[in-house]
Amino acid sequence: MSMKRLVVFVVLVLVPSVVFAGIDGKIAGTVTDAETNNPLAGTNVIIVGTQMGASTDAEGKYIILNVPIGTYEIRATFIGYASVTVENVKVNSDLTTNLDFEMPTTDVAGEAVVIVAEEPLVNLTATSVVRSVPAELLKNLATRSGLTFMGLQAGVVIHNRAVFIRGGRSDETGYQIEGVTSGAAVGSTGGANVTTIPEALAEVKILVGGFSADVGGGAAGIVQQTFRTGTSSMHGSIAFETDGPAESFGETFSYGYNDLTATLSGPLGGLKYFVAYRKTQQDDNTPQFFKGFDFGYLQDTGVDGGTKGDSADVKWEGGKVPGRSHEHWILNGNLQYDLNPLVLRFSGAFSTHERRLSSSPIRDIFNLDRLAQRDDENSLYNLKASYFLSDKTVINANISRSTIDQFTYDPNFIADGKFDMAKQLDSGDSLAVANANSEWIGAYPSRYVNPSPYNFAGFRFDRPGQLQTGYFKREQTYTDISAGIITQYGSHEIRAGASLRSGEIRQFGLGGGLTISLNSQIGVDPTLRDELINGTDRARLAIRRGSGGGYGYDEFGNEVNEGPDDAKRPVFTAFYVNDKIEFNDIIVNVGVRVDNFDLDTWHLADSADPNYDKTNSILNLSEKAKSTTEVQPRFGLAFPISERMVFHLQYGKFASFPDLINAYKGRPAMAFALGGAVFIPNPVGFDLEPIVSTQYEIGFNYQFTDEASFDLTAYYKTTEGQLTIDRYKINPGQDGGDYNVFVNGDFNVTRGFEFTLRTRRVGRIQTLINYTLGFAKGTNSFPNSRLSSTERDIRPPKYITPLRFEQRHRGSIIFDYRFAGDDEGPGGLFANSGVNALINFNSGHTFTLATGSGAQRRAESGALINDADPRSRVPSEPIGGSTTPWTFTTDLKLDKGFRLGNLNAGVYVFISNVFNRRNVLNVYNRTGDAYDDGFLTNPELSEKIVAALEEEYVPLYRAINLENRQHWIDDRGLARDLFDTPRQIRIGVKLDF
């Protein structure tokens, strides 16, 4: 993290003149005389410790708007009556907390009544299903994983570490921190990479159903995270967590995990502050099921260019993988300054990540020092002013700025992620390589020829010093400005407002293969090196022909701010009006949202003549695509049958933009795709439009005892405009060949049934149960799913099939058993202790059994059918005809609190995947099995290869591929492993003050 950015964060969080904003709720109710039940007009109702409050009207009614999420004391006072204070009043975002007061008369001045409220199990004002994880549950939950938090909610599927809400693709989920958009799908150009700390959150809320017109940014749903607000007195905590002792527990490994988390909250002059800090270090950031092997010294066959007869000790420990370290620190904070009638609130989230990347862990074992490094620096700052024109009308103004900076590079040559052409060329120059590490002297056969990999019985391993990566950077900035008004007019809560979101996105890459190619050209013509460093036209062309460069930067990594290579500057504007009408027997929530999407993509006037300049290896583009406007009506009804029962109906249209990583490419990359010589699985998109879903929902929420409630919800949703691949033909005589593009063409239909059962704490026990029965069908599961038929020039049928991420059955059980207060358990041994169990059970996802040749696959890959290049794949059953096995996971947290002087102290243990169950997440398409890829067991595929290679080939194949899945991970990546994560044990200590 740069010192400049650290200073900016500290100043913004600690200077009182700066402001903060979040998502708010509302408190409303009636004040009456306890004996006569007559309304008491003019009663003052205040939120203790704040300047927020209201007076009752002639009917004894009051409303307090814009209340930040949290737990409060609410006090009602009236002359001649005892004051009444209600503690433990919980306020949730975008909902009304109903709180009535019955005031007893008194002749004693200052007499007070204190009541401890119970959180209602049914909110009668919600016109759509509400899924949230409150702070209390987050505190006790047997996990600190953000993905696990989201996966607990009915209607949410976690598949290959991506979030899918009610059958929508991952890029249809919107993410918000404090009400501000923080990105699209994780890892995308829109990236939800601004990181939060679990201890900093007051609420995690998943909007899986409809939401009001003032909320946008997700066609499938919204994940909202809201920070805790500062307290009236100072409080703090510090906790340290480690998995160091885990090696002592059977087949459990330590992954070098250490975590320090601290929070501080309190008053500062006229404001309240909250800040949380977290620093985490992990030697292996991707725990996976790996098994070690030892083949001793094997000899290089020389097939891949190495010296025949060279040997190396082919041995791997398994368990913790070396070379995948991750160190990051996070700072979350907020200030709230109450200057009645003006409330200022400022929030900030800042994080840095330093990772070493090993995408092929076994192949890298001899070359760990040259693994790539990736640095991320992400931030979001939000400033909001709320001005109360009256206790029933408030104006909100908001401004925020978010940034995502990513750099991937070889740390032996590039310093701090800053691109330097000379140093990048040095990374493939044997003289510079030898100077960087004396152990690499002699590794290169000649100055500009990269060392060839070892080949042991058909399996490649990188030699020490072999170049592993090129250089890549992405810089993204968004500025958000919004303003709105909320007014309570009788039973009407009217909201109206507008927002503007503008971005600047830059991306640059000079790949490892291109670095090797440029050095090879320098070997032939040494003058090219100086030209590359000085940026001549000849050097520019050499980079273009290797698909180097990007947008927002030229081919040499210099920033460009105009012309066709300018940064991408998407602009999104929105206008909305919403009216929530709250009567006693019906709540109506109706509104309309109008979004305009300007993605800043290119328009092709003639797809058959895209103006491809083959000589200069560039696509000449001059016309930008037009913006698109989507009108989204929203309508919801709630029918409270009693204080314990409510029905709701909801209808709405919801729009969001596609993942921008599929919309943006630099002009050299576009030209490279038109060259016709290389297979391009992820092309560019032109004239892209938003994704739009239409959803219908009906639900029923019933509190059937004093301590328990359930809700049942059914939904039906259609989504149009999802990205798919099409193929454009080139006119005869034009340069280049036919090319693939992303277009809006896929659609899906999803329907389902959701059930949630929740209880208050009864004795020592509290439970939460979620279950979803979901059906998700569509024309394709992912943007490039149609690649095979497109490459074969087959027009695919327009029927729908089960989507790959469909999980028909999905559920979770949270069971919390706790000794609290005066309950110390048998012998007084269990005071302030508890156990939390989190059980997840899910049916598998669909897949399609397939056959096909090994095509041009190497012997080390067997004949694996590759999703990224499915041209040789032939389905052997109807699409989506098979399903992976069910998965079952149990996570556990044990904690014990005690007093340590004036401090509250505690120890705890996290155990994820308690039974170390190897849950199957994906399977081989050829067999439908996660343990057998169908290669060695099929002589037609393997017999000739086995016969042609050394006798070590089969044992290596079993150890490297079948037991440790290297060929699968090479094709699909680490996030799409065949198995879930293994058991992990973490022990922690905590102090509260």
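Note that this is a predicted model, so its numbers are computed, not measured.

### Concerning the overall build of the protein
No. 1: Looking only at helices and strands, the protein has 13 helices and 51 strands in total.
No. 2: Scaling as 2.2 N^0.38, a compact globule of 993 residues should have a C-alpha radius of gyration of about 30 Å, and the protein matches this with 30 Å.
No. 3: Taking the principal axes of the C-alpha coordinates as reference, the protein spans close to 100 × 70 × 55 Å.
No. 4: Looking at the protein residue by residue over its 993 residues, the buried ones come to 56%.

### What about the pairing of strand S51 (residues 984–992)?
One face of the sheet, then the other: side chains in a regular strand alternate in exactly this way.
No. 1: With six bridges connecting them, strand S17 (residues 235–242) and S51 associate as antiparallel partners. Paired with Ala239 across the bridge in S51 is Lys990.
No. 2: As judged from the nine bridges shared by strand S50 (residues 903–912) and S51, these two strands associate in the antiparallel manner. Its bridge partner being in S51, Ala905 is matched across the sheet by Leu991.

### Considerations on empty space enclosed by the protein
No. 1: One pass over the structure, following the stated rule, counts 12 cavities of 30 Å³ or more.
No. 2: Here the second largest cavity is characterised by a volume of approximately 360 Å³.
No. 3: Lining the second largest cavity are 29 residues, and of these Asp94, Thr127, Phe211, Ser212 and Asn589 lie nearest its centre.
No. 4: Every element with two or more residues in the lining of the second largest cavity is listed here: strand S1 (24–33), strand S15 (201–207), strand S29 (492–510), strand S31 (571–582), strand S35 (628–642) and strand S36 (645–656).
No. 5: Here the lining of the second largest cavity is composed, by residue class, of 10 nonpolar, 11 polar and eight charged.

### A short note on the environment of Asn584
No. 1: Tracing the chain through its elements places Asn584 in the loop between S31 and strand S32 (587–598).
No. 2: Take Asn584: its relative accessible area is 75%, and that puts it in the exposed class.
No. 3: In this structure, the C-alpha to C-alpha distance between Asn584 and Phe639, residues 55 residues apart in sequence, is 8.9 Å.

### Overview of the sheet that holds strand S5 (residues 70–77)
No. 1: Here five strands make up an open sheet; going across it, the order is S3-S2-S5-S6-S9 and the pairing mixed. Only two strands of the sheet have a single partner each, and these edge strands are strand S3 (53–55) and strand S9 (112–116). Between one strand and the next, the sheet's axes are offset by a mean angle of 20 degrees, whatever the strand orientation.
No. 2: As paired strands, strand S6 (residues 83–91) and S9 are joined by five bridges and run parallel to one another. Bridging across to S9, Glu87 finds its partner in Val116.

### Notes on the pairing of strand S23 (residues 342–357)
No. 1: Pairing of strand S22 (residues 326–339) with S23 involves 14 bridges; the strand directions are antiparallel. The partner of Glu327 across the bridge, within S23, is Glu354.
No. 2: Linkage of S22 to S23, two consecutive antiparallel strands, is achieved through a turn of two residues.

### Side note on the pattern of salt bridges
No. 1: Taken as a whole, this structure holds 55 salt bridges when the rule is applied.
No. 2: A salt bridge links Arg144 to Glu241; the nearest nitrogen and oxygen atoms lie 3.2 Å apart. In this pair, Arg144 is assigned in the loop between helix H2 (135–140) and helix H3 (146–151) and Glu241 in strand S17, connecting sequence segments 97 residues apart.
No. 3: The exposure class of Glu241 is buried, given its relative accessible area of 1%.

### Brief notes about the nonpolar core
No. 1: In terms of nonpolar packing, the biggest core is built from 38 residues, with Phe366, Phe456 and Phe461 touching the most fellow members.
No. 2: Counting residues per element, this core draws most heavily on helix H12 (residues 953–962), at six residues.
No. 3: Setting aside chain neighbours within four positions, we find Phe366 in contact with Ala312, Asp313, Val314, Tyr454, Phe456, Phe461, Asp462, Arg463 and Pro464.
No. 4: Grouped together as the second largest cluster of nonpolar side chains are 32 residues, Leu141, Met150, Leu201 and Ala349 included.

### Things to note about helix H7 (residues 527–534)
No. 1: Taken as a whole, H7 has its buried residues at Leu528, Arg529 and Leu532. One face of H7 carries all of its buried residues, which in axial projection span an arc of 105 degrees.
No. 2: Packing partners of the buried residues in H7 comprise helix H4 (421–426), helix H6 (512–524) and helix H8 (537–545).
No. 3: Positive backbone phi, at 80 degrees, marks Gly535, one or two positions downstream of H7.

### Considering the environment of Glu950
No. 1: Relative to the elements of secondary structure, Glu950 occurs in the loop between helix H11 (939–948) and H12.
No. 2: Between the alpha carbons of Glu950 and Ala457 there is a distance of 5.3 Å; along the sequence they are 493 residues apart.
No. 3: Glu950 has contacts with Thr301 and Ala457, leaving out every residue within four places of it along the chain.

### Description of the packing of H7 against H8
No. 1: Where H7 meets H8, the closest approach of the two axes is 8 Å, and the angle between their N-to-C directions is 90 degrees. Judged on the interaxial angle alone, H8 and H7 are roughly perpendicular. Counting all contacts with H7, which are made through Thr527, Leu528, Glu531 and Leu532, the residues of H8 involved are Arg538, Ala539 and Ile543.
No. 2: Broken down by class, the residue content of the contact of H7 with H8 amounts to four nonpolar, one polar and two charged.

### Regarding a nonpolar patch on the surface
No. 1: The grouping of Ile238, Phe240, Leu260, Phe898, Leu900, Val907 and Val989 at the surface amounts to a nonpolar patch, some 550 Å² of accessible area in total.
No. 2: Tracing the sequence through the fold places Leu260 in strand S18 (residues 258–268).
No. 3: You can call Leu260 partly exposed: its relative accessible area is 33%.

### Examining the packing of aromatic side chains
No. 1: By the definition in use, this model includes 40 aromatic pairs.
No. 2: Ring geometry for Tyr277 versus Trp329: centroids 6.0 Å apart, planes at 40 degrees, classification tilted. Of this pair, Tyr277 sits in strand S19 (residues 271–282) while Trp329 sits in strand S22, and the two are 52 residues apart along the sequence.
No. 3: When its relative accessible area of 28% is taken as the criterion, Tyr277 is described as partly exposed.
No. 4: With a relative accessible area of 18%, Trp329 lands in the buried category.
No. 5: Ring centres of Phe572 and Phe657 lie 4.5 Å apart, and the angle between their planes is 10 degrees; this geometry places the pair in the stacked category. Remark: Phe657 occurs in the loop between S36 and helix H9 (667–674) and Phe572 occurs in strand S31; sequence separation between them is 85 residues. For the residue pair Phe572 and Phe657, the accessibility class agrees, reading buried in each case.
No. 6: Cluster of aromatic residues (ring-pair linked, three or more members): Phe647, Phe700, Tyr702, Phe704, Phe710 and Phe755.
No. 7: Lying over the aromatic face of Tyr478, Arg501 brings its terminal NZ or CZ to 3.8 Å of the ring centre.

Rules used throughout
Residues numbered from 1 in each chain as written. Predicted model: local features only at pLDDT ≥ 70, side-chain atom pairs only at ≥ 80, totals over all residues. Heavy atoms only, no water. Helix = DSSP H or I, 4+ residues; strand = E, 2+ residues; numbered from the N terminus. Rg over C-alpha atoms; globule rule 2.2 N^0.38 Å. Buried < 20%, exposed > 50% of the residue type's maximum accessible area, 1.4 Å probe, protein only. Pairing = 2+ DSSP bridges. 1 Å grid on protein atoms, 1.4 Å probe; cavity = no way out; pocket = protein on both sides within 12 Å on 5 of 7 lines; lining within 4 Å. Points joined across faces, edges and corners; volume = space filled by probe spheres on them. Nonpolar A, V, L, I, M, F, W, Y, C, P; charged D, E, K, R; others polar. Axes fitted to C-alpha atoms, helices over the stretch in contact; angles between N-to-C directions. Salt bridge = Lys/Arg side-chain N within 4 Å of Asp/Glu carboxyl O. Core = buried A, V, L, I, M, F, W, Y, C linked by side-chain atoms within 4.5 Å. Contact = heavy atoms within 4.5 Å. Arc of directions from axis to C-beta. Parallel < 35°, antiparallel > 145°, perpendicular 65-115°, else oblique. Patch = residues over 30% accessible without salt bridge, like charges linked within 9 Å, V, L, I, M, F, W, Y side chains within 5 Å. Areas by Shrake-Rupley, 256 points an atom, 1.4 Å probe, with all protein chains shown as cover. Phe/Tyr/Trp six-rings, centres within 6.5 Å; stacked < 30°, edge-to-face > 60°. Lys NZ or Arg CZ within 6 Å of the ring centre and 35° of its normal.

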